[in-house]
Amino acid sequence: MIDLFDQPTLHRGSTDTSQAAADAMDAGGVGSLRRAVYDAIRYAGTLGLTTREASDVVCWEYGGVQPRTSELRDNGYIRDSGLRRKAEGRRVAETVWVVAKPL
């Protein structure tokens, strides 16, 4: 089984800019960011976190955190709680993530 927290970026787009962004994330320790996002969601417990809230907790831009929540979801580490929350100033409610697989 792949250790998701030691893996580089799992998705690489087809454009040169997408590849460059993925390479930059790998160099910056995407596994560590993925772990930080997982830990933030775990710490929130049953209240869970939206991706935007997780972004605030780990002090990383939303655009870097959103792919990490997708990877964690796709690999069964987090799941949709069924709850939705709106961020301040946002019109659309976001998925609230909770831990599905404890480490």
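Here is a short report on the structure shown in this document. Every chain is numbered on its own, with residues counted from 1 as its sequence reads. Since the coordinates come from a predicted model, pLDDT governs what is reported: local features require at least 70, and pairs of side-chain atoms require 80 or more to be given and counted, while whole-chain, interface and lining totals use all residues. Remark: hydrogens and water are excluded; side-chain values derive from all non-hydrogen atoms of the structure.

Right, let's talk about the overall build of the chain for a bit. Secondary structure summary: the chain contains four helices and two strands in total. To qualify as a helix, a DSSP run of H or I must reach at least 4 residues; to qualify as a strand, a run of E must reach at least 2; elements of each kind are numbered from the N terminus. For the chain, the sequential pattern of α-helices and β-strands runs α-α-α-α-β-β. For the chain, the proportion of its 103 residues judged to be buried stands at 32%. Only the protein chains shown count as cover for residues, and all accessible areas are computed by the Shrake-Rupley method using a 1.4 Å probe. Accessible surface for the chain amounts to roughly 6,300 Å². Of this, 52% is attributable to carbon and sulfur atoms. Relative accessibility decides the category of a residue: with a 1.4 Å probe and only protein chains considered, values under 20% of the type maximum give buried, values over 50% give exposed, and everything between is partly exposed.

A few words on the nonpolar core. We call a set of buried Ala, Val, Leu, Ile, Met, Phe, Trp, Tyr and Cys residues a nonpolar core when their side-chain atoms join them within 4.5 Å. Among the nonpolar cores identified, the biggest contains 13 residues, and Val-37, Ile-41, Val-58, Leu-72 and Ile-78 are the most heavily contacted of them. Elements supplying a minimum of two residues to this core: α2 (30–44), α3 (51–58) and α4 (62–74). Throughout, a contact is declared for two residues whenever any of their heavy atoms are within 4.5 Å. Beyond its immediate stretch of four places on either side in the chain, Ile-78 contacts Tyr-38, Ile-41, Thr-69, Leu-72, Arg-73, Trp-97, Val-98, Val-99 and Ala-100.

On to α3, then. Considered for burial, the residues of α3 that qualify are Thr-51, Ala-54, Ser-55 and Val-58. The buried residues of α3 occupy an angular sector of 105° when the element is viewed end-on, so they sit on one face. Structural note: α3 exposes Asp-56 and Val-57 on the side pointing more than 90 degrees away from its buried face. Looking at the buried residues of α3, the elements they touch are α2, α4 and β2 (94–99). One or two residues past the end of α3 sits Cys-59, with phi positive at roughly 55°. By construction, the arc corresponds to the directions joining the helix axis to the C-beta atoms.

Between α2 and α3, the least distance of the axes is 9 Å, while the angle of their chain directions is 110°. Viewed along their axes, α2 and α3 adopt a mutual orientation that is roughly perpendicular. Here α2 and α3 pass one another in a crossing that is right-handed. Mapping the contact onto sequence places Leu-33, Ala-36, Val-37 and Ala-40 in α2 and Ala-54, Val-57 and Val-58 in α3. Amino acids outside the nonpolar list (Ala, Val, Leu, Ile, Met, Phe, Trp, Tyr, Cys, Pro) and the charged list (Asp, Glu, Lys, Arg) are all regarded as polar, and Gly is one of them. For the contact of α2 with α3, the residue count by class is seven nonpolar, no polar and no charged. Here an angle of 0 to 180 degrees is reported between the N-to-C directions of two axes, which are lines fitted to C-alpha atoms, with helices fitted over the stretch in contact. Orientation categories follow fixed angle ranges, with anything under 35 degrees roughly parallel, anything over 145 roughly antiparallel, 65 to 115 roughly perpendicular, and all other angles oblique. Rotating anticlockwise by less than a right angle from the far helix to the near helix defines a left-handed crossing, while the corresponding clockwise rotation defines a right-handed one.

At a closest axis distance of 9 Å, the pairing of α2 and α4 adopts a crossing angle of 75°. Relative to α4, the element α2 lies roughly perpendicular. Side by side, α2 and α4 meet where Val-30, Leu-33, Arg-34, Val-37 and Tyr-38 of the first sit next to Gly-64, Val-65, Arg-68, Thr-69, Glu-71 and Leu-72 of the second. Tallied by class, residues from the contact of α2 with α4 come to six nonpolar, two polar and three charged.

Scope: geometric values only; no functional claims are made or implied.
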